[in-house]
Amino acid sequence: MRRNLRVAAYAVVVRDGQFLLARSPGPGGVPEWVLPGGGMEHGEDPYDTVRREVEEETGYRIEVTGLLGVNSTRRTFPARFGRSVDHHGVRLVYEGRITGGELRNEIGGSTDLAAWQPLDAVPDLVRVRMVDIGLRLWRERPAAGRLEAAGSRPLPREMNAD
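**Side note on the pattern of salt bridges**
Stage number 1. Tallied over the full model, the rule gives 12 salt bridges.
Stage number 2. A salt bridge links Arg-51 to Asp-48; the shortest N-O distance between them is 3.4 Å. Highlighted residues: Arg-51 and Asp-48, both in helix H1 (residues 46-58), separated by three residues, approximately one helical turn.
Stage number 3. Of the residues examined, Arg-51 reaches a relative accessible area of 34% and is grouped as partly exposed.

**A few points about the side chain of Glu-32**
Stage number 1. Positionally, Glu-32 belongs in strand E4 (residues 31-34).
Stage number 2. Buried within the structure, Glu-32 lacks any salt-bridge partner; its nearest side chain of opposite charge belongs to Arg-129, at an N-O separation of 9.3 Å.
Stage number 3. Every residue in contact with Glu-32, bar those within four places of it in the chain, is listed here: Ala-22, Arg-23, Ser-24, Gly-26, Pro-27, Val-126, Arg-127 and Val-128.

**Examining the nonpolar core**
Stage number 1. Residues Val-12, Phe-19, Leu-21, Leu-35 and Val-131 are the most contacted members of the largest nonpolar core, which totals 23 residues.
Stage number 2. At the level of secondary structure, the elements contributing two or more residues to this core comprise strand E1 (2-12), strand E3 (18-25), E4 and helix H2 (129-140).
Stage number 3. Looking at this core, the element that brings in the most residues is H2, giving six residues.
Stage number 4. When near neighbours in sequence (up to four residues on either side) are disregarded, Phe-19 contacts Val-12, Val-13, Val-14, Leu-35, Ala-115, Trp-116, Gln-117, Leu-119, Val-122, Val-131 and Leu-135.
Stage number 5. With 14 residues, the next largest nonpolar core counts Tyr-60, Val-90, Leu-92 and Ile-98 among its residues.

**Section: the environment of Met-130**
Stage number 1. Considering the arrangement of structural elements, one finds Met-130 in helix H2.
Stage number 2. On the accessibility criterion, Met-130 (3% relative accessible area) is buried.
Stage number 3. Between the alpha carbons of Met-130 and Arg-91 there is a distance of 9.2 Å; along the sequence they are 39 residues apart.

**What to know about the environment of Arg-139**
Stage number 1. Within the fold, Arg-139 resides in helix H2.
Stage number 2. A relative accessible area of 52% means that Arg-139 is categorised as exposed.
Stage number 3. Along the primary structure Arg-139 and Leu-68 are separated by 71 residues, whereas in three dimensions their C-alpha atoms are 9.5 Å apart.

**Section: the confidence of the model for the chain**
Stage number 1. Scored by pLDDT, the chain comes out at a mean of 90, with 91% of its residues at no less than 70.
Stage number 2. By mean pLDDT, the top-scoring element of the chain is strand E2 (residues 14-15) (98), and the lowest-scoring one is strand E10 (residues 153-154) (44).
Stage number 3. The low-confidence segment residues 150-162, where pLDDT is below 50, has 29 contacts with residues more than four positions distant or belonging to other chains.

**A closer look at unusual backbone geometry**
Stage number 1. Not every positive phi belongs to a glycine, and Asp-16 is a case in point at roughly 50°.
Stage number 2. Tracing the backbone through its elements, the reader meets Asp-16 in the loop between E2 and E3.
Stage number 3. Positive phi outside glycine occurs at Arg-141, with the angle close to 45°.
Stage number 4. By the secondary structure assignment, Arg-141 is in the loop between H2 and strand E9 (148-149).
Stage number 5. Under the relative-accessibility criterion, Arg-141 is labelled partly exposed at 42%.

**Regarding H1**
Stage number 1. The terminal C-alpha atoms of H1, which comprises 13 residues, lie 18 Å apart, in line with the 18 Å expected from a rise of 1.5 Å per residue.
Stage number 2. Every buried residue belonging to H1 is among Pro-46, Thr-49, Val-50, Glu-53, Val-54, Glu-57 and Thr-58, and all of these are buried. Along the axis of H1, the buried residues cluster in a sector spanning 120°; they form a single face.
Stage number 3. The N-terminus of H1 is capped by Asp-45, whose side-chain oxygen sits 2.8 Å from the backbone nitrogen of Tyr-47.
Stage number 4. Backbone geometry just after H1 places Gly-59 at a positive phi near 90°.

Quick notes on the rules
Residues numbered from 1 in each chain as written. Predicted model: local features only at pLDDT ≥ 70, side-chain atom pairs only at ≥ 80, totals over all residues. Heavy atoms only, no water. Salt bridge = Lys/Arg side-chain N within 4 Å of Asp/Glu carboxyl O. Helix = DSSP H or I, 4+ residues; strand = E, 2+ residues; numbered from the N terminus. Buried < 20%, exposed > 50% of the residue type's maximum accessible area, 1.4 Å probe, protein only. Lys, Arg positive; Asp, Glu negative; His and termini not counted. Contact = heavy atoms within 4.5 Å. Core = buried A, V, L, I, M, F, W, Y, C linked by side-chain atoms within 4.5 Å. pLDDT = per-residue confidence, 0-100. Expected span 1.5 Å × (residues − 1). Arc of directions from axis to C-beta. Polar contact = N/O pair within 3.5 Å; in protein donor to acceptor, adjacent residues only side chain to side chain.

So, in structure tokens, the structure goes:
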């Protein structure tokens, strides 16, 4: 079995009741909203990753105002080309504040649209679960930086998925 570790950093940016999101082509071509952010480059600090990714995907420069939490997942993907993959994803979720730039769409990247969405409209959006996890971390601000489900158990595995 092949092992794979991916570390990524994402931003929750809320301003005047609006939530900054990016849109990505989803499974089957159905677009879905995602948190601005993405994978770390080798040798890059996650703090720098989130600032770079937000600017790439939205056009905005941000100030990181806090670490909201960490989301960790582990899944096994079926064999492709003879070996299955044990994937471990670690996602750092930061809070950010816009300091400059102009809203624009990413060209030639992993997203195709950047937009402010009303916080109360988020439940009706087609989105990845990481959007909900980021919002919960922002709203609840758990002292340990980790979301817990009812009864002080970790979130079920499916809540940790992308």
